[in-house]
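Observations on the three-dimensional arrangement
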Amino acid sequence: QVQLVESGGGLVQAGGSLRLSCAASGRTFSNNHMGWFRQTPGKEREYVARITWSGGITSYADSVKGRFTISRDNAKNTVYLQMNSLKPEDTAVYYCAALLVGASKYDYWGQGTQVTVSS
């Protein structure tokens, strides 16, 4: 099992920055690729970014490319999402998720942290 706890959300003005953290426990952290997703009421959950188990490969949704950066510290069992140049449309609940290396689906999710960007 994996327990994931997000933190760092809050209210920020457009153009501002936030850094989200996701602390993991349980399954060996470096056995997992990690992802960030977000969801707004009435919409499907949306992929934001992901990072491989070693941190060597990252990818981003087009909507956040160039503004968000995903990183991880395997010694601290934590994955981060640095969000810069925030826009009102980035407002959502942000979730981190774990994907066991070799598996095809994210199998553990955090409880989410709210990010609100005011215009």
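For the structure, check the block above.
This section reports on the structure supplied with the text. (Residues numbered from 1 in each chain as written. Predicted model: local features only at pLDDT ≥ 70, side-chain atom pairs only at ≥ 80, totals over all residues. Heavy atoms only, no water.)

1. A closer look at the nonpolar core
Of all hydrophobic cores here, the largest spans 28 residues; its most connected members are Trp36, Leu81, Met83 and Tyr94. Broken down by secondary-structure element, the contributors of at least two residues to this core are β1 (2-7), β3 (18-26), β4 (32-39), β5 (46-51), β7 (68-73), β8 (78-83), β9 (92-100) and β11 (113-118). (Core = buried A, V, L, I, M, F, W, Y, C linked by side-chain atoms within 4.5 Å. Buried < 20%, exposed > 50% of the residue type's maximum accessible area, 1.4 Å probe, protein only. Helix = DSSP H or I, 4+ residues; strand = E, 2+ residues; numbered from the N terminus.)

2. Points about the pairing of β3
One ladder, built from six bridges, connects β1 with β3; its direction is antiparallel. Along β3, the bridge assignment pairs leucine 4 with alanine 24. Across six bridges, the pairing between β3 and β8 is antiparallel. Opposite alanine 23, over in β8, you have threonine 78 as the bridge partner. (Pairing = 2+ DSSP bridges.)

3. Quick word on the sheet that holds β1
One open sheet accounts for four strands, arranged β1-β3-β8-β7; its pairing is antiparallel. Each having just a single partner strand, β1 and β7 make up the two edges of the open sheet. Strand-to-strand twist of the sheet, defined as the mean angle between neighbouring strand axes without regard to direction, takes the value 15 degrees. (Axes fitted to C-alpha atoms, helices over the stretch in contact; angles between N-to-C directions.)

4. With respect to the state of the cysteines
The final tally for this structure, using the stated rule, is one disulfide. Covalent S-S linkage joins cysteine 22 and cysteine 96, the inter-sulfur distance amounting to 1.9 Å. Taking the torsion about the S-S bond as the criterion, the cysteine 22 to cysteine 96 disulfide, at about 50 degrees, is right-handed. Of this pair, cysteine 22 sits in strand β3 while cysteine 96 is found in strand β9, placing the two residues 74 residues apart along the sequence. For the pair formed by cysteine 22 and cysteine 96, the shared burial category is buried. (Disulfide = S-S within 2.5 Å.)

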